[in-house]
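Read off the chains here:
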Amino acid sequence: MESNKKLIVGINCKAKKAWEEFYKTYYEPLCNHVYRILLNKEVTEDIVQEIFLKIWDSEVIFENEKALISYLYRAGTNNSLKYLREQNTEQERLKMWCDTEQEMTEDDFSSVVREEVLRKLRHLIDQLPTERRRIILMSMENMSGEEIAKQLGVTINTVKQQKYRAYKFIKEQLGDHWVIALYFFL
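I will try to describe carefully the structure that is included in this document. (Residues numbered from 1 in each chain as written. Predicted model: local features only at pLDDT ≥ 70, side-chain atom pairs only at ≥ 80, totals over all residues. Heavy atoms only, no water.)

**Some words on the overall build of the chain**
Point 1. Within the chain, the regular secondary structure consists of 10 helices and zero strands.
Point 2. Ordering the α and β elements of the chain from the N terminus gives α-α-α-α-α-α-α-α-α-α.
Point 3. Counting over 186 residues, the chain shows a buried share of 40%.
Point 4. Expressed as a percentage of contacts within the chain between residues at least 6 apart in sequence, the contacts between residues at least 24 apart total 62%. (Helix = DSSP H or I, 4+ residues; strand = E, 2+ residues; numbered from the N terminus. Buried < 20%, exposed > 50% of the residue type's maximum accessible area, 1.4 Å probe, protein only. Contact = heavy atoms within 4.5 Å.)

Okay, here's the thing in structure tokens:
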């Protein structure tokens, strides 16, 4: 929580290290969101880079991470729809997006939440001790406890204990979002 506050302060102050972390943390999830609208990788990357540049050039101040995330994803959606209108291409796709924008709001929100939980989950997994991290990643690849134990040359009890500790750490860190994170382990 404290690191998120520091990141927001750093972004607001245009601190280089904070912006590097900001870009590293949010670039890929935002690209995924924009790509779902445009289905064009090059244009997606251009739009997302433009969003980051506009934030850098603007004097906008974010109060917290939620405001930042909301801004990013709304800008991604708006800029994507603007691009489609300006290009006068894919009229059916644009019409579908405009006609169903109200209906898509919950889907978009769910998608944003899922992307954020996955981003946080990856970050938390990176913080785990090496052996625990390997066990969790193997588990997420649908390997059984026995397969993990055999591949790593440890006992099944070690695998179970390491998974338990990892889940406990992740659950504590994600709080209310823990239930959503379970999706990635099932």
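**A closer look at the pattern of salt bridges**
Point 1. In total, this model carries three salt bridges according to the counting rule given.
Point 2. With its nearest N and O atoms 3.7 Å apart, the salt bridge here joins Glu21 to Lys24. With Glu21 and Lys24 both in helix 2 (residues 16-38) and three residues apart, this pair spans about one turn of that helix. (Salt bridge = Lys/Arg side-chain N within 4 Å of Asp/Glu carboxyl O.)

**Thoughts on the packing of helix 2 against helix 4 (residues 65-87)**
Point 1. Contact geometry of helix 2 with helix 4 gives a least axis separation of 10 Å together with a crossing angle of 35 degrees. By crossing handedness, the relation of helix 2 to helix 4 is classed as right-handed. From helix 2, Phe22, Tyr26, Pro29, Leu30, His33, Val34, Ile37 and Leu38 reach across to helix 4, where they touch Glu65, Leu68, Ile69, Leu72, Tyr73, Gly76, Thr77, Ser80, Leu81, Tyr83 and Leu84.
Point 2. Grouping the constituent residues of the contact of helix 2 with helix 4 by class yields 14 nonpolar, four polar and one charged. (Axes fitted to C-alpha atoms, helices over the stretch in contact; angles between N-to-C directions. Left-handed = near helix turned anticlockwise from the far one by under 90°. Nonpolar A, V, L, I, M, F, W, Y, C, P; charged D, E, K, R; others polar.)

Scope: geometric values only; no functional claims are made or implied.
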